[in-house]
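Inside the fold
The chain contents come next:
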Amino acid sequence: MVLKRKYGLITSNKTVHRYMKVLGIRSVIRIKRKYGPVKTHFTPNLIQRDFTTTGPNQKWSVDVTYLNSKDGVEYLCAIKDMFDKTIVAHHISNKNDNQLVLAAVDDAIAHVPLGSRLDLIIHSDQGSQFVSGDYTQKLKSASVQRSLSYKGTCVDNSPIESFFSALKSECLRLRRGRSRQQTRQL
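Report on the accompanying structure.

On to unusual backbone geometry. Phi angles above zero are rare outside glycine, and R49 is one such case at about 60 degrees. Within the secondary structure layout, R49 lies in the loop between α2 (13–23) and β1 (59–69). One non-glycine residue with positive phi stands out, namely K85, at about 65 degrees. Of note, K85 is situated in the loop between β2 (72–81) and β3 (87–93).

Moving on, we come to the environment of A78. With respect to the secondary-structure elements, A78 resides in strand β2. With 46 residues separating them along the chain, A78 and K32 place their C-alpha atoms 34 Å apart. Other than its neighbours up to four places away in sequence, A78 contacts S61, V62, D63, I87, A89, H90, I160, F163 and F164.

We now examine the nonpolar core. W60, I79, V105, I122 and Y135 are the most contacted members of the largest nonpolar core, which totals 22 residues. When contributions to this core are tallied by element, the ones reaching two or more residues are β1, β2, α3 (98–109) and α5 (133–141). Broken down by element, this core gets its largest block of residues, 7 residues, from α3.

Bringing the packing of aromatic side chains into the picture now. Ring pairs (aromatic) are described by centroid distance and by the angle formed between their planes. What the rule picks out here adds up to 2 aromatic pairs. Between the aromatic rings of F130 and Y135, the centroid separation amounts to 5.4 Å while the plane-to-plane angle is 80 degrees, which identifies the pairing as edge-to-face. The same class applies to F130 and to Y135, which are both buried. Geometrically, the ring pair formed by F163 and F164 is tilted, given 5.7 Å between the ring centres and 50 degrees between the ring planes. The ring of Y19 has R18 lying over it, and the distance from NZ or CZ to the ring centre is 5.7 Å. Over the ring of Y66 we find K168, and its NZ or CZ is 4.0 Å from the ring centre.

Under the defined criterion, the tally for this structure stands at 3 salt bridges. Across the pair R49 and D156 runs a salt bridge, and its minimum N-O distance is 2.6 Å. Remark: D156 occurs in the loop between β5 (145–148) and α6 (158–172) and R49 occurs in the loop between α2 and β1; sequence separation between them is 107 residues. Residue K138 is joined to D106 by a salt bridge in which the shortest nitrogen-to-oxygen separation is 2.8 Å. Taken as a pair, K138 in helix α5 and D106 in helix α3 lie far apart in primary sequence, 32 residues in all.

Basis of the calculations
Residues numbered from 1 in each chain as written. Predicted model: local features only at pLDDT ≥ 70, side-chain atom pairs only at ≥ 80, totals over all residues. Heavy atoms only, no water. Helix = DSSP H or I, 4+ residues; strand = E, 2+ residues; numbered from the N terminus. Contact = heavy atoms within 4.5 Å. Core = buried A, V, L, I, M, F, W, Y, C linked by side-chain atoms within 4.5 Å. Buried < 20%, exposed > 50% of the residue type's maximum accessible area, 1.4 Å probe, protein only. Phe/Tyr/Trp six-rings, centres within 6.5 Å; stacked < 30°, edge-to-face > 60°. Lys NZ or Arg CZ within 6 Å of the ring centre and 35° of its normal. Salt bridge = Lys/Arg side-chain N within 4 Å of Asp/Glu carboxyl O.

Right, here's the structure in full:
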């Protein structure tokens, strides 16, 4: 493509390969980076892609997404009830940290009676906020069951992912060029 664009030459891949071989030119191959040991979390996936419920406050889905604005990025943590697809709590911050998630969880749990919390499962992916000790302790002290998706399977958390997709395509992308304040008001 470069040869065609710069010099108007039309060649096949084999021709380019042959010339590269003659001239001793090789492509640069990226070396895969090796990361540290993978931490495994022993929190079970209680949902198992079964998003059906018989009533409210039985299964919640939680995640964090970014919202672009002309002033920078805002982060939204939302918690969705799988029964009636409502957002039971959300919190917006300019930092993607544990406090963002904990504030949303506090708001959501405050509206659920203590007796109903024993049957409540809150499901998330394996993001750093959702495997942190603070998050685990918050759910344990509130008597809420925690469930984590399997590593690399985004469909396990599809209820909240579908909400984020609809929010971005139907609200945010239609109003480009908005400020942080306008983003927070949406």
